[in-house]
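# A structural walkthrough
Each chain is listed here by its residues.
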Amino acid sequence: KHLYFEHLEKALSVPESNNGVYCRKVEELICDFYGLPFANLTTSGTIALTQLALVKGVKPGDEIIATGYTCSNAIMAYSILGASIKFCDINMHGVMDPEQIKQLIGPKTKYIAATGMFGNPVDWDKIKKIAFDNDLIILSDIAQSQNTDYKGTPVSQLDDMSMINFGRQKEIPVYGTYAAIVYKSDKYKDALDAARLCGMSRRTLYGRNKISHLGVNGEPSEDK
């Protein structure tokens, strides 16, 4: 408790209340921990998945193969963008069954939502092959397997962009709930920055406000 209030006092004494010194420090720690060059903090797992889906191009009418054996908010993130969901049954490990994914692919299928559960990652080798063979894009949700390895490789490094989550029941517990997107290439940075700032490009925020992308209100706060 005393540590929390000490840090809270410092966080609220800086000029930037959103996405400031403390938020950037946490992003640096996340990058170091996961061995990735980029991380964007945001306000919840749902918002993070929405941002990830926006940046990866999900739009109304697209079809996503996903598991129903997860938090309902994970599905809502795609549904609010107008995508339709095909639910895939789970295998003995509680994650999507790759063989059923093949059977569910149709002419409107554009994405596979790869969701780890209870520390178990999806079968990345099989899902990546299915995605490659059918020209599909992977949406990587590792909120419940973010510290797991798959065949010796951290799951955070298996896709170009993944969502991780913090909360009372997560592997990294915090007060309330927060999340981040970790990613490998700076080509996503401008789009992700705008996606969490209601679509506004930060480069023009203090000049001429310009809506450069679709986005949501997801800027992290210093006091969290």
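Just so it is clear, the model here is predicted, and its values are computed rather than measured.

With that settled, consider the pairing of strand E5 (residues 137–141). Across the five residues that make up E5, a large majority, four, are buried. The handedness of the strand E4 (residues 109–115) to E5 crossover, carried by helix H6 (residues 124–133), is right-handed. For E5 and strand E8 (residues 161–167), the ladder comprises two bridges, and the chain directions are parallel. Its bridge partner being in E8, serine 140 is matched across the sheet by serine 162.

Ala74, Ile75, Ala77 and Tyr78 are the residues of helix H4 (residues 72–79) that are buried. Down the axis, H4 shows its buried residues gathered within 150 degrees of arc, on one side only.

For the rest of this paragraph, the subject is the packing of helix H3 (residues 45–55) against H4. At a minimum axis separation of 8 Å, H3 and H4 run at an interaxial angle of 35 degrees. H3 and H4 meet at a crossing whose hand is right-handed. In contact with Thr46, Leu49, Thr50 and Ala53 of H3, H4 contributes Asn73, Ala74, Met76, Ala77 and Tyr78. Among the residues making up the contact of H3 with H4, the classes are represented as six nonpolar, three polar and no charged.

Attention now moves to the confidence of the model for the protein. On average, the protein scores 91 in pLDDT, and the residues at 70 or more come to 96%. Across the protein, element-level confidence peaks in H6 with a mean pLDDT of 98 and bottoms out in helix H1 (residues 2–13) with 86.

Here the focus is a nonpolar patch on the surface. On the surface, Tyr4, Phe5 and Tyr175 cluster together into a nonpolar patch covering about 350 Å² of accessible area. Tracing the sequence through the fold places tyrosine 4 in helix H1. Overall, tyrosine 4 belongs to the partly exposed group, its relative accessible area being 32%.

Definitions and limits used
Residues numbered from 1 in each chain as written. Predicted model: local features only at pLDDT ≥ 70, side-chain atom pairs only at ≥ 80, totals over all residues. Heavy atoms only, no water. Buried < 20%, exposed > 50% of the residue type's maximum accessible area, 1.4 Å probe, protein only. Helix = DSSP H or I, 4+ residues; strand = E, 2+ residues; numbered from the N terminus. Right-handed = clockwise from strand over helix to strand, strands pointing away. Pairing = 2+ DSSP bridges. Arc of directions from axis to C-beta. Axes fitted to C-alpha atoms, helices over the stretch in contact; angles between N-to-C directions. Left-handed = near helix turned anticlockwise from the far one by under 90°. Contact = heavy atoms within 4.5 Å. Nonpolar A, V, L, I, M, F, W, Y, C, P; charged D, E, K, R; others polar. pLDDT = per-residue confidence, 0-100. Patch = residues over 30% accessible without salt bridge, like charges linked within 9 Å, V, L, I, M, F, W, Y side chains within 5 Å. Areas by Shrake-Rupley, 256 points an atom, 1.4 Å probe, with all protein chains shown as cover. Salt bridge = Lys/Arg side-chain N within 4 Å of Asp/Glu carboxyl O.

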